[in-house]
Amino acid sequence: MSRVYNFSAGPAALPESVLQQAQAEMVDWQGKGLSVMEMSHRSKEFISIAETAEQDLRELLNIPSNYKVLFLQGGASTQFAMVALNLLQGNNEVEYVNSGLWSEKAIAEAKKYCTVHVKIDGKPSKYTTIAPPSTWERNPRVAYLHYTPNETINGLEIQDVPDWGDTPLVVDMSSTLLSRPIDVSKFGVIYAGAQKNIGPAGLTVVIIREDLVGRTIPGIPTMLDYKIHVDNASMYNTPPTYAWYIAGLVFKWLKDLGGLEKMAEINKRKADKLYAAIDGSDGFYRNPVDPNFRSWMNVPFVTTKTELEKVFLSEAEQVGLSTLAGHRSVGGMRASIYNAMPEAGVDALVSFMAEFAKKHAA
Ligand SMILES: *Cc1c(COP(=O)(O)O)cnc(C)c1O
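Residues numbered from 1 in each chain as written. Predicted model: local features only at pLDDT ≥ 70, side-chain atom pairs only at ≥ 80, totals over all residues. Heavy atoms only, no water.

S.K.: Help me understand the packing of helix α8 (residues 308–318) against helix α9 (residues 343–360) in this model?
M.R.: Packed helices, taken two at a time, are described by the angle between their axes plus the distance between the axes. In the contact formed by α8 and α9, the axes pass within 11 Å of each other and the chain directions differ by 135°. Of the possible angle classes, the one that applies to α8 and α9 is oblique. Crossing of α8 against α9: the hand is right-handed. Seen from α8, the contacting residues are Leu308, Val311, Phe312, Glu315 and Ala316; seen from α9, they are Leu349, Phe352, Met353, Phe356, Lys359 and His360. Residue composition of the contact of α8 with α9, by class: 8 nonpolar, 1 polar and 2 charged. (Axes fitted to C-alpha atoms, helices over the stretch in contact; angles between N-to-C directions. Helix = DSSP H or I, 4+ residues; strand = E, 2+ residues; numbered from the N terminus. Parallel < 35°, antiparallel > 145°, perpendicular 65-115°, else oblique. Left-handed = near helix turned anticlockwise from the far one by under 90°. Contact = heavy atoms within 4.5 Å. Nonpolar A, V, L, I, M, F, W, Y, C, P; charged D, E, K, R; others polar.)

Okay, here's the thing in structure tokens:
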């Protein structure tokens, strides 16, 4: 069996050792005679899996004790509605930063429930740049400020965190959470679909400051109420047990690797290598994003000749460099190089790109 280097934006590559451990435990988890998939979520075995995963995530991200961690379903897309429904009590205005296609979706969803201001907008630049967070003027009237630190499709990443005083910052970290250390205490709500950098699809992680729980508008569905999930330790109904277990294995993998400082070091090196290959290609490859906002996780690029892109993708696939097509809305290529992409995978891509350019330049 040989595994490819999988550059998929999501569901994305998982660490091979995690898959192997899951395989070894698939039929009989730790001598209990059953699979994690078959366990009651109320069993002491699963509760220990769930609690250990939460504890490991708390350690990795250094999550302060006044934050709750939820393991939910519905993806980041459900959070687009949930954040508004849960934070709007007593206020009908919010501020959103538009830095790419996922921001657009979050904004469209919030508009169903409240007045959305969008003062910071990257759309005129085709999402190749955005005003730096230090210049985002605070709007004191709003219930929260929402932004997307890493735009998975556009490859635009906002590294700095704005200072908006008491106004809660709500962030969609689907494609960047766990890629490096962050200061959780700067945020009100952090949410992320798992299938990029955490684990399998079907799990959504929410980290929420305690005092923000219970600000719901009246009449919201039970399953969309953070307080219900907080009060029930994410087990109001059946949680996505198997995805939660795999995420727990990923957290252990990250801890064994040396935690998020170490992960950040590796991720930065991977991204630097790939951007250097693009920028050093004499214009054969191009990444349009302002270098101050280039993503460490998702690297879109095009070639000088669009007709070459099909050839690039099929030749890459043949040598085990898989899923490099850009998002269907933007075309070109995109290499997603999340935590589980080994540095050797980036090295292989960089050599392939150099050879391909040599063959097709001129
Ligand atoms: C993938 C992604 C989403 C959508 O996630 P789902 O889990 O499919 O709902 C939202 N935001 C960002 C930044 C993403 O990368």
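S.K.: Would you mind going over the site of the ligand with me for this structure?
M.R.: Neighbouring the ligand are 13 residues; Ser77, Thr152, Asp172, Gln195 and Lys196 lie closest to it. Measuring from a nitrogen atom of the ligand, one finds a side-chain N or O atom of Asp172 at 2.6 Å. Gln195 places a polar side-chain atom, nitrogen or oxygen, 3.0 Å from an oxygen atom of the ligand. Here the ligand has 390 Å² of accessible area as a free molecule, and 87% of this is covered by the chains. Tallying contributions element by element places helix α3 (residues 75–87) first for the shell around the ligand, with 4 residues. Partitioning the shell around the ligand into residue classes produces 3 nonpolar, 8 polar and 2 charged. (Near = heavy atom within 4 Å. Polar contact = N/O pair within 3.5 Å; in protein donor to acceptor, adjacent residues only side chain to side chain. Areas by Shrake-Rupley, 256 points an atom, 1.4 Å probe, with all protein chains shown as cover.)

S.K.: Is there a simple way to think about the sheet that holds strand β12 (residues 298–303) in this case?
M.R.: Whenever strands of a sheet pair, they do so through backbone hydrogen bonds, lying parallel or antiparallel. Sheet architecture is open: 3 strands sit in the order β11-β12-β14, paired in antiparallel fashion. Two strands bound the open sheet, and with one partner strand each, they are β11 (285–286) and β14 (333–336). Sheet topology note: the β11/β12 ladder contains 2 bridges and is antiparallel. Residue pairing in the sheet places Tyr285 in a bridge with Thr303 of β12. Against the sheet, α8 makes contact with β11, β12 and β14, and its axis sits at roughly 130° relative to β12, the strand it touches most. (Pairing = 2+ DSSP bridges.)

S.K.: How do you make sense of a nonpolar patch on the surface when you look at a structure like this?
M.R.: Together, Met26, Val27 and Met37 make up an exposed nonpolar region whose accessible area comes to about 290 Å². Among the structural elements, Met37 can be located in the loop between α1 (16–25) and α2 (44–61). Residue classification places Met37 among the partly exposed residues on the basis of a relative accessible area of 47%. (Patch = residues over 30% accessible without salt bridge, like charges linked within 9 Å, V, L, I, M, F, W, Y side chains within 5 Å. Salt bridge = Lys/Arg side-chain N within 4 Å of Asp/Glu carboxyl O. Buried < 20%, exposed > 50% of the residue type's maximum accessible area, 1.4 Å probe, protein only.)

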